[in-house]
Amino acid sequence: MELTHFDSEGKARMVDVTEKADSVREATATGKITVNQAVYDAIEQGNVGKGDVLSVATTAGIMGVKRTADLIPMCHALPITNCKIHFEKNAQKREIQCFCTVKVTGKTGVEMEALTGVSVALLTIYDMCKALDKFMEIGEIYLCKKTGGKSGDIVNPKSI
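Residues numbered from 1 in each chain as written. Predicted model: local features only at pLDDT ≥ 70, side-chain atom pairs only at ≥ 80, totals over all residues. Heavy atoms only, no water.

## With respect to the pattern of salt bridges
- Per the stated rule, a full pass over the model turns up six salt bridges.
- Across the pair Glu 44 and Lys 89 runs a salt bridge whose closest N-O atoms are separated by 2.4 Å. Of this pair, Glu 44 sits in helix H1 (residues 37-45) while Lys 89 sits in strand E2 (residues 82-90); the two residues are 45 residues apart in sequence, bridging distant segments of the chain.
- Close ionic contact of Glu 140 with Lys 158 constitutes a salt bridge, the shortest N to O distance being 3.8 Å. Placement of the pair is Glu 140 in strand E4 (residues 137-147) and Lys 158 in the segment after strand E5 (154-155), with a sequence separation of 18 residues.
- Beyond isolated ion pairs, a larger network of salt bridges with shared partners links Lys 32, Glu 95, Glu 140 and Lys 158. (Salt bridge = Lys/Arg side-chain N within 4 Å of Asp/Glu carboxyl O. Helix = DSSP H or I, 4+ residues; strand = E, 2+ residues; numbered from the N terminus.)

## Comments concerning helix H2 (residues 53-66)
- Taking 1.5 Å per residue as the helical rise, H2 with its 14 residues ought to reach 20 Å, and the 20 Å between its terminal C-alpha atoms agrees with that figure.
- The set of residues buried in H2 consists of Val 53, Leu 54, Ala 57, Ala 60, Gly 61, Gly 64 and Val 65. Along H2, the residues classed as buried sweep out an arc of 145 degrees about the axis, all on the same side. Of the residues in H2, the exposed ones pointing more than 90 degrees away from the buried face are Met 63 and Lys 66. (Expected span 1.5 Å × (residues − 1). Buried < 20%, exposed > 50% of the residue type's maximum accessible area, 1.4 Å probe, protein only. Arc of directions from axis to C-beta.)

## Digging into the nonpolar core
- Residues Ile 43, Val 53, Phe 87, Ile 96, Ile 125 and Cys 129 are the most contacted members of the largest nonpolar core, which totals 30 residues.
- Here this core gets seven residues from one element, more than from any other, and that element is helix H4 (residues 111-129).
- Among residues more than four places away in sequence, those in contact with Val 53 are Ile 43, Val 48, Ile 125, Met 128 and Cys 129. (Core = buried A, V, L, I, M, F, W, Y, C linked by side-chain atoms within 4.5 Å. Contact = heavy atoms within 4.5 Å.)

## Here's the deal with the sheet that holds strand E1 (residues 23-34)
- Reading across from one edge, E2-E3-E1-E4-E5 is the order of the five strands in this open sheet, with antiparallel pairing throughout. Of all strands in the sheet, those with a lone pairing partner are E2 and E5, marking the two edges.
- Pairing geometry for E2 and strand E3 (residues 95-106), over nine bridges, is antiparallel. Pairing of Lys 84 across the sheet is with Thr 101, part of E3.
- The strands touched by H2 are E2 and E3; relative to E2, the strand with the most contacts, the crossing angle is about 140 degrees.
- Contacts from H4 reach E1, E2, E3 and E4 within the one sheet, and its direction differs from that of E1 by about 25 degrees. (Pairing = 2+ DSSP bridges. Axes fitted to C-alpha atoms, helices over the stretch in contact; angles between N-to-C directions.)

## Description of H1
- Listed as buried for H1 are Val 39, Tyr 40, Ala 42 and Ile 43. Each buried residue of H1 sits inside an arc of 165 degrees when the element is viewed along its axis, so together they form one side.
- Those residues of H1 hidden inside the fold are in contact with H2, E2, E3 and H4.
- Its side-chain oxygen placed 3.1 Å from the backbone nitrogen of Ala 38, Asn 36 serves as the N-cap of H1.
- Count one or two residues on from H1 and you reach Gly 46, which has phi positive near 70 degrees. (Polar contact = N/O pair within 3.5 Å; in protein donor to acceptor, adjacent residues only side chain to side chain.)

## Some details on the side chain of Arg 25
- Tracing the chain through its elements places Arg 25 in strand E1.
- One buried charged residue, Arg 25, forms no salt bridge at all, with the nearest opposite charge on Glu 111 at 6.5 Å.
- Within polar-contact distance, the side chain of Arg 25 engages the backbone oxygen of Gly 106 at 3.0 Å. (Lys, Arg positive; Asp, Glu negative; His and termini not counted.)

## Re the pairing of E1
- Direction of pairing for E1 relative to E3: antiparallel, over a ladder of 12 bridges. Paired with Glu 26 across the two strands is Lys 103, which belongs to E3.
- Pairing analysis gives eight bridges linking E1 to E4, with the strands arranged antiparallel. Looking at the pairing, Ile 33 lines up with Ile 138 of E4.

Quick look at the structure:
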């Protein structure tokens, strides 16, 4: 497979998508944060001093999706048509898993936007809770699936 972000001289470039047809594209990414018991309980009880952690993280994740092209140099700015972020909590493991699904009708996919949304949402949880836990761990960020475009539908076996 050819890497398309390099020209014939090996220099980085933005991919030219001018001639590509618009299509509906969707991508879902996930990641998780592991916290101590105090953080997990505070989030569950809604008494983190900075506010409703998961609501703020949802808003931050959506903002991250919308700003992906400002953060990743070769990403195209996309007219996002939908973004959904949700969290699943695991009390036994003291983990919060984030899922971000992004949709667009355009010439290029939204995988980077979904991955950015998850990353920013999890970083926001970290920021809001760092006074209670200095050793939170963010990890396992990956693309779950994507639909549309030239490569069609892709599902990560890890997410099944």
